[in-house]
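Observations on the model geometry
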Amino acid sequence: MKRKVPESQLAGLKAHAEKSRAENTAKANEAIDRLYRRKKDINFKSVEIESGVSRSTLYAIPAVRERILKLRTGCRSAPNKDFTVIKKDAKAEYEALIAKYRAENAQLKKDKENLIAQLVEIEELREEVKRLRERLIQVNKT
């Protein structure tokens, strides 16, 4: 059974939530600015520690989340370790390897289909042998 919340209480709760969100947004933005000026890594953990706002709250505020994500990828203090730089002359080699592995993968898929078909055929033959053995036993008994 749900209780009906009076509009006055609901308005108060909404006002408090909005005030809390505004304060958390301001704290997070100030922390991001301080980290940026000090050339420190900007990520959710560092902003959480610097601002005192929980990580889940940082994720819940879309403007703050987008700002952290943008600054995290363009961090000035350390290179981003999420991707590998490939030299231009090695690019052709990698593309050739990728093409080779794709062709190999396609061949393996075909082989798999053939093996499945052979397995089905073997199972059918086993059933046939079983049926013939039973028939032979019946013939020998008579």
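Residues numbered from 1 in each chain as written. Predicted model: local features only at pLDDT ≥ 70, side-chain atom pairs only at ≥ 80, totals over all residues. Heavy atoms only, no water.

On the surface, a cluster of nonpolar side chains totalling about 320 Å² of accessible area is made up of Tyr94, Leu97 and Tyr101. By the element assignment, tyrosine 94 lies in helix 5 (residues 88-141). Judged by its relative accessible area of 44%, tyrosine 94 falls in the partly exposed class. (Patch = residues over 30% accessible without salt bridge, like charges linked within 9 Å, V, L, I, M, F, W, Y side chains within 5 Å. Areas by Shrake-Rupley, 256 points an atom, 1.4 Å probe, with all protein chains shown as cover. Salt bridge = Lys/Arg side-chain N within 4 Å of Asp/Glu carboxyl O. Helix = DSSP H or I, 4+ residues; strand = E, 2+ residues; numbered from the N terminus. Buried < 20%, exposed > 50% of the residue type's maximum accessible area, 1.4 Å probe, protein only.)

To continue, consider the packing of aromatic side chains. In the structure shown here, the tally under the stated rule is one aromatic pair. Between the aromatic rings of phenylalanine 44 and tyrosine 59, the centroid separation amounts to 3.9 Å while the plane-to-plane angle is 15°, which identifies the pairing as stacked. Placement of the pair is phenylalanine 44 in helix 2 (residues 44-51) and tyrosine 59 in helix 3 (residues 55-60), with a sequence separation of 15 residues. A relative accessible area of 38% places tyrosine 59 in the partly exposed class. (Phe/Tyr/Trp six-rings, centres within 6.5 Å; stacked < 30°, edge-to-face > 60°.)

It is worth spelling out the packing of helix 1 (residues 7-37) against helix 2 at this point. Packing of helix 1 against helix 2 brings their axes to within 9 Å, and their N-to-C directions diverge by 110°. It follows from the interaxial angle that helix 1 and helix 2 lie roughly perpendicular. Contacts from Lys27, Ala28, Ala31, Ile32, Arg34 and Leu35 in helix 1 reach Ser46, Val47, Glu50 and Ser51 in helix 2. Of the residues belonging to the contact of helix 1 with helix 2, the class tally is five nonpolar, two polar and three charged. (Axes fitted to C-alpha atoms, helices over the stretch in contact; angles between N-to-C directions. Parallel < 35°, antiparallel > 145°, perpendicular 65-115°, else oblique. Contact = heavy atoms within 4.5 Å. Nonpolar A, V, L, I, M, F, W, Y, C, P; charged D, E, K, R; others polar.)

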